[in-house]
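Residue-level listing of the chains:
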Amino acid sequence: MLQPRYDLVFLGWGCATLSLLTRLIESGTCSDKRFLIIDSSDKKSNDRTWCFWEKGQGYFEKLVHHEWEKLDFKQSRYSDYLDMGAYRYKMIRGIDFYEYCLQVLRTSGQVDFLQDEITEWVVEKADLHGEINPARDQKLIFSGKKAGRVQVKASVIFNSIPPDLGKKQPGTVNLLQHFKGVIVESNQFNFDPQRATLMDFRVSQVEGATFIYVLPLSKNK
């Protein structure tokens, strides 16, 4: 059941939204706040992984699926080993992250979820100059495939929906970066689970800057 007003409204609930809202709730400083998340996905599949650099123990350390302490760089004319010092390259699986964060959010009783695909939205600003003033309510009006036309008010609206790259703005350049991952399991034990390859450029560069990561999870996977 949607409320007429929220303290924060989140459009999209990927890594940015879930990590921010989980930390806000677990901090205990927002116990009197109400939040709304709108997204078309139910986050019940292991649809991605996140990898990142970190020194020591991090906030989501218990969710780390694997980490690497050694990295290699490879190119047709040059290869080298990267010394990371005190840093580690860590991986978190999407499903582990979703399950943990959603458990925190649902247990709090402060979050409403609307699973819907937003087809269009507009935010009515607080003043004529279009500046966002968090002290005053903003009106979010959006159209969803399930909910139809919906209107709510919020102090802050957090938008993590990717922009439409088809709508080019004058004077801007859009660079599309995307990854496709596959898990390979071999009957040979040739991998070093402590050593990853970032990056391997020994592939065709016809379509643009192209590289491969090799992230061993075990000696044969």
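In short, a report on the structure. (Residues numbered from 1 in each chain as written. Predicted model: local features only at pLDDT ≥ 70, side-chain atom pairs only at ≥ 80, totals over all residues. Heavy atoms only, no water.)

### A few points about the side chain of D39
As for its position among the elements, D39 is in strand β2 (residues 35-39). Buried and without a salt bridge, D39 has K43 as its closest oppositely charged side chain, separated by 4.5 Å. In terms of polar contacts, D39 uses its side chain to reach the backbone amide nitrogen of S41, at 2.8 Å. For D39, the contacting residues outside a window of four places in its chain are G12, W13, L114, Q115 and D116. (Helix = DSSP H or I, 4+ residues; strand = E, 2+ residues; numbered from the N terminus. Buried < 20%, exposed > 50% of the residue type's maximum accessible area, 1.4 Å probe, protein only. Lys, Arg positive; Asp, Glu negative; His and termini not counted. Salt bridge = Lys/Arg side-chain N within 4 Å of Asp/Glu carboxyl O. Polar contact = N/O pair within 3.5 Å; in protein donor to acceptor, adjacent residues only side chain to side chain. Contact = heavy atoms within 4.5 Å.)

### As for the sheet that holds strand β13 (residues 212-214)
The mixed open sheet is built from four strands, whose spatial order is β6-β5-β12-β13. Of all strands in the sheet, those with a lone pairing partner are β6 (78-82) and β13, marking the two edges. The mean inter-strand angle of the sheet, taken between neighbouring strand axes irrespective of direction, is 15 degrees. Summarising the sheet, strand β5 (residues 70-75) and β6 pair through five bridges and their orientation is antiparallel. (Pairing = 2+ DSSP bridges. Axes fitted to C-alpha atoms, helices over the stretch in contact; angles between N-to-C directions.)

### Let's talk about the nonpolar core
Nonpolar side chains tend to gather and get buried jointly when the protein is soluble and globular. L18, L21, F35 and F97 are the most contacted members of the largest nonpolar core, which has 21 residues in total. Going through the elements one at a time, β1 (5-11), α1 (15-27), β2 and α2 (94-108) are the ones with two or more residues in this core. Sequence-distant contacts of F97, defined by excluding residues within four places in its chain, comprise C15, L18, S19, W50, F60, L63 and I92. In this structure, L11, L114, V150 and A154 belong to the second largest nonpolar core, which totals 13 residues. (Core = buried A, V, L, I, M, F, W, Y, C linked by side-chain atoms within 4.5 Å.)

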